[in-house]
Amino acid sequence: MEHSTGSSRVVFSTRGLTKVYVMGEMEIHALRGVDLDLYAGELSVMLGASGSGKSTLLNILGGLDCATEGQAMYGDQNLVRASDKALTAFRRDHVGFVFQFYNLISSLTARENVSIVTEISRNPMTPEDALSMVGLEGRMDHFPSQLSGGEQQRVAIARAIAKRPDVLLCDEPTGALDSKTGVRVLEALEYVNRELGTTTVVITHNVIIGQMAERVIQLSDGRVASIHVNERRAAPGELHW
Amino acid sequence: MRTLRLKLVRDLTMLRGQVAAIAVVIAAGVMTLVMLVTALDAISLSRNRFYEDFNFAHVFVDLKRAPERVSEQIREVEGVNLVQTMVQAPVRLEVPGFGDPVRGQVLSVPNGGQPDLNRLHLREGALPESGRSDQVVLSEPFAEAHGLQAGDSLSAIINGRLKTLSVSGVALSPEFIYQLGPGDLLPDYERFGVLWMNRRALAASFDMDGAFNRLVLSLQSGASAGPVMDAVDGILAPYGGLGAYNREDQISQRILSQELDQLRVSATVLPAIFLGVSAFLLNVLMARIIDTQRQQVAVLKAFGYGNRDVAWYYGLLTALIVVIGCGLGVVLGGWTASGLARMYMEYFRFPAMDFRLQPRVILLGVAIAGAAAGLGTFRAVSRAARLPPAQAMRPPAPEAFHQTALERSVLWGWLSQSTRIIIRNLSRHRLKASFSVLGISLSGALILVGSFQFSAVDHLIDTQYRLVQKADTNLYFSETVAPKVKTSLLNQPGVKAVETFRDVAIRLRHGHREYRTAIEGMNASRGLRGLIDTSYRDITLPADGLLLTGYLAEYLGVEVGETVEVEVMEGQRRTLTVPVAGTVNEPVGMGAYMERGALNRLLREGPAVTGAWLLTDESREEALFDRLWDMPLVTSVGMISESRASISSYIEHTMLFMMGFVLVLAGSIAFAVLYNNARIAFAERARELATLRVLGFTRAEVAWILIGEIGILTLVSIPIGWGLGTALAWLLNQSISMDLFRVPFVITHQTYAFAAAGVLLAAILSLLFVARRLYRLNMIDALKTAE
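The written sequence of each chain sets the order in which its residues are numbered from 1. As a convention, the first chain written is A and the first ligand written is 1, with the rest following in written order. Totals for whole chains, interfaces and linings use all residues, but because this is a predicted model, local features are given only for residues with pLDDT of at least 70 and pairs of side-chain atoms are given and counted only at 80 or more.

## Observations concerning the overall build of chain A
Each helix is a run of H or I in the DSSP string that is no shorter than four residues. Each strand is a run of E no shorter than two, and both are numbered from the N terminus. Helix and strand counts for chain A come out as six helices and 10 strands. Its C-alpha atoms give chain A a radius of gyration of 17 Å, near enough to 18 Å, the size a compact globule of 241 residues would have. Across its three principal directions, the C-alpha atoms of chain A cover 50 × 40 × 35 Å. Three exposure classes are used, based on other C-beta atoms lying within 10 Å of a residue's own C-beta, which is placed from the backbone: buried for 20 or more, exposed for 12 or fewer, and partly exposed in between. Counting over 241 residues, chain A shows a buried share of 50%. Within chain A, counting contacts between residues at least 6 apart in sequence, those at least 24 apart form 71% of the total. Throughout, the radius of gyration refers to the C-alpha atoms, and the reference size of a globule is 2.2 Å times the residue count to the power 0.38. Once C-beta atoms have been placed from the backbone, residue pairs whose C-beta atoms lie within 7 Å are recorded as contacts.

And the structure:
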């Protein structure tokens, strides 16, 4: 599992990561021993059909869920053994999330949706700077109901990056958007990754988005099926679906 | 439709917490309604039957002495049906094994037979045998209080002569459903009893052969009492008639009907509040359920279910909650009604309590609860029914928020984002927030209504026995005596102070209103009997004119400075016009007061008194009572501590029982309202709260948004609840003022604090219940679902 781009510093490292959900009398093996390293500053895309385990993996990396077995190291912190309190602190200090359905707080303006994160962060940028980075400097005082879907998702990205997270985890960030709007969101993600050097993981089932990644990690049936390094990364503007 | 029914059961199971909370509130409303209306029915039916079956008279009159033939004149008065003359007399009784003084009232029955009017309902034994002069029938409560049965005996001092009486039977009389001794405010079954004996025997003891001193009559149907009473008064005036009165002024009937009026008010007010709150809760719950089930509605409609089916479904869901509540309410109502009726049986003695849970009452409860629920859910259900399927398929649009004036103020900048979320949520849903505030305020108001009387009653008893009745013993003489009797009373064992008074039975009249009471003439300088104004300061007795209890002045509609007509019920029975010099603020009884000298002058008599108040040494009480009873002129000795105890226990039994009941219900409503609020707030915010958790907020920080919202609603509601509660308490207080006593309208700081604490406790409990859900909040689910 060589990699050729970005720095060689490993941010995340999982070994034998297993997740079993018990649903009544059934056991569902969502992850069956995932070994994977993610490097500082890289933008990787995780592809897989639904049920492949990609969301479960992202949730464990983001400290939202606990693995059943194995280890998931963030630096020298093993997330598998971390307490709920430690996971909350981990999310607060290191992780930025972007969700498929934006998950903005409808009662807060764009600026306030970002402030809600900067207020609890150690070294945040200003909400205004974060919103400028995603091209929304003109819509800062709008409420979510006054923004389009693409704009809402860009607010969500601004909210995720405003704390200057070490990693940015995006779960189907374009899943609810049309192609044109989706591209604008991906441009914002790419720009942030380039400008801030934030390790970025994008989950999608859209193979085309893989073209903008440094590495494309294919998951299947709870395992890493393949890792493909892009020789040439496509700019988001070049993508069509 | 089978599947739809299955869904109904599942929905009910899923919402069981909220369903239970609402059902409890509905049950509370139905229960109070069923309980109060059933008790009301039971008491009025029992009373009416007793009156009818035992020929309760319509008009009553006491007099000095009239020959029997006078009754013939009265029989001829137009409108008179039956006339019954009798002899009555006060006696002193000595019950074996009971040390306290016992007063008795003996009434005659025709020799060996039942009277035509006010017939006796024999509970055991028989009427006195014809010709026997030593047999008596005892009133049942008195016999019960002393464990006396037919065949037992007791002693009586009849007109100064000690006589041993044998109990031939025990009975109830329609005249004494509420058995009150003369001058008493409350029944004291140990110290006052009613006895019936053969007329010939009683007449012989009181020199009443061929004469009578009491007459009762019944009216022909359709005849009105007024003209008959006037005619009777005219006929009996030469014989010392004390003025006829009708059922309305008959003490037992009067108190019974006031009690029924009170029940009627409670039966209207309390269920109205409870059912109003449940309508509100149902409204909030159904609106919420329908919002979350938009897509299910869409799917149902897409598959061909009609608007009517959808409305039927949600209507049925509401109906089931109502049915659960009503079922619970009817069962509890029936059960508590029998308890309430039994409690009334202690004070009101009927031969039988016709207690039955009537279908009419149950139907009424169900109908009112159903109407309240229908009103509460109509809007939400019809909105669901009208929802076009295509629109229902889409998730509801994100809620629109706009900046408010507050946000442009400096203050806004200081608020944290969480606080801004709370404030925006509240201001966005102003109507819902106002309803929540109203619901919580009402529950707080109910707690206040349920608790204020506890301290108000303490206040009443404190006022009456610390400021008004400062003596510990009172005694009455059988006739007027010279004021110097004070000296001989002071020489009795343990007597520390004595104040004498002149007491005269009167009828007060002002305009169309009249009231029978007594004037107490007392010394200007008083230590044992207080007369207080509304600020609880002692009033100086004016040299002339009447002081009236404020409630009596209000009843008569007379202002200070105006005059009232005073019909003196003794001697020459003159009618005088007397100015009202002021009012006194007494919580107990309805009386009139004058300076004693002024009263003596008014009655055209020399200095004379009819009774005395004593302050005594408790340790020598027994010796004192023995001595007092030996004084020939003393007809009655009363212990004020006893009357204090009986008034306290009466209030505790009747009023505080009801209030305690209201308090328990108020507490459960407070919880139901707040729990529903917290649950719904949680359900609506779950996704946002989960998002915040994902963004790195701790559980405590996320919980703050929920706690803050409920907290603000609660804090805003508390003062409003105080206001509403004060108003409700005032209304309730007005409606339950009666001759017997008026609970002062006093709400202490403690009561306000108690109401606030009750609401806060309910809020904390509800949040604790919801905290469990918050703890289990699944972050991952929240990310997956669309708005």
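Once the structure has been displayed, the description carries forward.
## Some details on the overall build of chain B
When helices and strands are counted, chain B shows 22 helices and 20 strands. By principal-axis analysis of the C-alpha atoms, chain B measures approximately 100 × 60 × 50 Å. Among the 787 residues that make up chain B, the fraction classed as buried is 45%. Looking at chain B alone, contacts between residues at least 24 apart form 84% of all its contacts between residues at least 6 apart.

## A short note on the pairing of strand S14 (residues 513-522) of chain B
All names here are of chain B. Strands qualify as paired when DSSP identifies two bridges or more between them. Here 10 bridges tie strand S13 (residues 495-510) to S14, and the two strands are oriented antiparallel to one another. Bridged to His510 within S14 is Arg513. Between S13 and S14, which pair antiparallel one after the other, the connecting turn spans two residues, and Gly511 there sits at a positive phi close to 60°.

## Let's talk about the interface of chain A and chain B
Counting residues at the interface gives 24 residues for chain A, matched by 24 residues for chain B. When residues of the side of chain A that touches chain B are traced back to their parent elements, those giving at least two are helix H2 (84-94) and helix H3 (110-118) of chain A. Per element, the largest residue contribution to the side of chain A that touches chain B is four residues, and it comes from H3(A). Charged residues are taken to be Asp, Glu, Lys and Arg, nonpolar residues to be Ala, Val, Leu, Ile, Met, Phe, Trp, Tyr, Cys and Pro, and polar residues to be all remaining types, Gly included. Taken together, the residues of the side of chain A that touches chain B break down into 11 nonpolar, seven polar and six charged.

## Structural notes on the UniProt feature "transmembrane region" (unreviewed entry) in chain B
Residue and element names in this part refer to chain B. What UniProt calls "transmembrane region" (unreviewed entry) maps, in this numbering, to residues 20-40, 269-290, 311-337, 357-378, 433-454, 655-675, 702-732 and 752-771. This span, residues 20-40, is 100% helix and 0% strand, and a straight line between its end C-alpha atoms measures 29 Å. Annotated as 100% helix and 0% strand, the span residues 311-337 places its first and last C-alpha atoms 37 Å apart. UniProt positions are given in the numbering used here, feature names are shortened, and annotations may be inferred rather than shown by experiment.

## Description of the sheet that holds strand S2 (residues 80-86) of chain B
Residues and elements named next belong to chain B. In spatial order, the strands read S2-S10-S1-S11; together these four strands make up an open sheet with antiparallel pairing. Every interior strand has two partners, whereas the edge strands, S2 and strand S11 (245-246), have only one. Sheet contacts for helix H6 (residues 225-236): strand S1 (59-67), S2, strand S10 (211-219) and S11; angle to S1, the most-contacted strand, approximately 15°. Fitting a line to C-alpha atoms yields each axis, with helices limited to the stretch in contact; the angle taken between N-to-C directions then spans 0 to 180 degrees.

## Topic: the domain arrangement of chain B
Looking at chain B, the domain boundaries give domain 1 (1-57 + 252-397), domain 2 (58-251), domain 3 (413-467 + 645-787) and domain 4 (468-644). Each domain's extent was defined by an automatic or database domain assignment. A straight line from the C-alpha centre of domain 2 of chain B to that of domain 3 of chain B covers 55 Å.

## Things to note about the UniProt feature "domain: ABC transporter" (unreviewed entry) in chain A
According to UniProt, the feature "domain: ABC transporter" (unreviewed entry) maps to residues 12-239 of chain A in the numbering used here. End C-alpha to end C-alpha, residues 12-239 of chain A measures 28 Å, and it is 29% helix and 29% strand.

## Examining the environment of Gln88(B)
All names here are of chain B. Along the chain, Gln88 turns up in strand S3 (residues 88-94). Along the sequence, Gln88 and Met208 sit 120 residues apart, while their C-alpha atoms lie 9.7 Å from each other. Sequence-distant contacts of Gln88, defined by excluding residues within four places in its chain, comprise Gln105, Val106, Leu107, Ser108, Asn213 and Arg214.

## Digging into the packing of H3(A) against helix H5 (residues 149-161) of chain A
All names here are of chain A. Look at H3 against H5: their axes get within 8 Å of each other, and the N-to-C directions meet at 25°. On the basis of the axis angle, H3 is roughly parallel to H5. Note that H3 runs across H5; the crossing there is right-handed. Residue-level contacts link Ala110, Asn113, Val114 and Val117 of H3 to Val155, Ala158 and Arg159 of H5. When describing relative orientation, an angle under 35 degrees is termed roughly parallel and one over 145 degrees roughly antiparallel, while 65 to 115 degrees is termed roughly perpendicular and anything else oblique. In a left-handed crossing the near helix is turned counterclockwise from the far helix by less than a right angle, and in a right-handed crossing that turn is clockwise.

## Things to note about unusual backbone geometry
With a phi angle near 50°, Arg164(A) is a residue other than glycine that sits in the positive phi range. Along the chain, Arg164(A) turns up in the loop between H5 and strand S7 (167-171). Judged by local crowding, Arg164(A) falls into the partly exposed class, with 17 C-beta atoms found within 10 Å. Positive phi is not limited to glycine here, since Arg604(B) has a value of about 55°. Among the structural elements, Arg604(B) can be located in the loop between helix H17 (596-602) and strand S19 (609-616). Given 10 C-beta atoms within a 10 Å radius, Arg604(B) is considered exposed.

## A word on the pairing of strand S17 (residues 575-584) of chain B
Residue and element names in this part refer to chain B. Here strand S15 (residues 546-549) pairs with S17 via four bridges, running parallel. Each residue of the ladder has a partner; that of Leu546, found in S17, is Val580. Sheet topology places strand S16 (residues 563-568) next to S17; five bridges connect them, and they run antiparallel. Paired with Glu565 across the bridge in S17 is Thr577.

## A short note on the sheet that holds strand S6 (residues 95-98) of chain A
Residue and element names in this part refer to chain A. A sheet is described by the order of its strands in space; here six strands give the open sequence S6-S7-S8-S3-S9-S10, paired in mixed fashion. Each edge of the open sheet carries a strand with a single partner, namely S6 and strand S10 (223-229). Within the sheet, the average angular offset between the axes of one strand and its neighbour, ignoring direction, is 20°. In the sheet, strand S3 (residues 43-47) pairs with strand S9 (residues 215-220) via four bridges, with the strands oriented parallel. In the strand pairing of S9, Met46 is matched with Ile217.

## A closer look at the confidence of the model for chain B
Per-residue confidence for chain B averages 85 on the pLDDT scale, and 96% of its residues sit at or above 70. Confidence of the predictor at the level of single residues is given by pLDDT, which spans 0 to 100. Mean pLDDT values over the elements of chain B span from 58, in helix H11 (residues 389-393) of chain B, up to 95, in S2(B).

## A closer look at H6(B)
All names here are of chain B. A helix's residues, less one, multiplied by 1.5 Å, set its expected span. Over its 12 residues, H6 extends 16 Å from the first C-alpha to the last, a length consistent with the 16 Å expected when each residue adds 1.5 Å. Taken together, the buried positions of H6 are occupied by Val228, Met229, Val232, Ile235 and Leu236. Axial view of H6: buried residues confined to an arc of 125°, hence all on one face. Within H6, the exposed residues directed more than 90 degrees away from the buried face are Gly226, Pro227, Asp230 and Gly234. Buried residues along H6 sit in contact with S1, helix H3 (70-75), S2, S10 and S11. In this description, one arc is meant: the one made by directions from the helix axis to the C-beta atoms.

## Digging into the packing of helix H7 (residues 251-292) of chain B against helix H19 (residues 640-694) of chain B
Residue and element names in this part refer to chain B. Contact geometry of H7 with H19 gives a least axis separation of 10 Å together with a crossing angle of 10°. Judged on the interaxial angle alone, H19 and H7 are roughly parallel. Here Ser266, Leu270, Phe274, Val277, Leu281, Val284, Leu285 and Arg288 of H7 lie close against H19, whose contacting residues are Met658, Val662, Leu665, Ile669, Ala672, Val673, Asn676, Ile680 and Ala683. In the contact of H7 with H19, the residues fall into 14 nonpolar, two polar and one charged.

## Describing the environment of Arg223(A)
Residues and elements named next belong to chain A. Residue placement: Arg223 occurs in strand S10. When the C-alpha positions of Arg223 and Leu136 are compared, they lie 38 Å apart, and in sequence the two are 87 residues distant. Once residues within four sequence positions are removed from consideration, Arg223 is found in contact with Arg32, Gly33 and Val34.

## What to know about the nonpolar core
In this structure, Ile157(A), Ala158(A), Val25(B), Ala39(B) and Ile669(B) are the most contacted members of the largest nonpolar core, which totals 254 residues. Here this core gets 24 residues from one element, more than from any other, and that element is H19(B). Aside from chain neighbours lying at most four places away, what touches Ala39(B) is Leu263(B), Ala337(B), Leu340(B), Ala341(B) and Tyr344(B). By definition, a nonpolar core groups buried Ala, Val, Leu, Ile, Met, Phe, Trp, Tyr and Cys residues that are joined through C-beta atoms within 7 Å.

## Overview of the environment of Ala380(B)
Residues and elements named next belong to chain B. For Ala380, the location among the structural elements is in helix H10 (residues 359-386). Residue classification places Ala380 among the buried positions, given that 21 C-beta atoms sit within 10 Å. Ala380 has contacts with Asn283, Met286, Ala287 and Ile290, leaving out every residue within four places of it along the chain.

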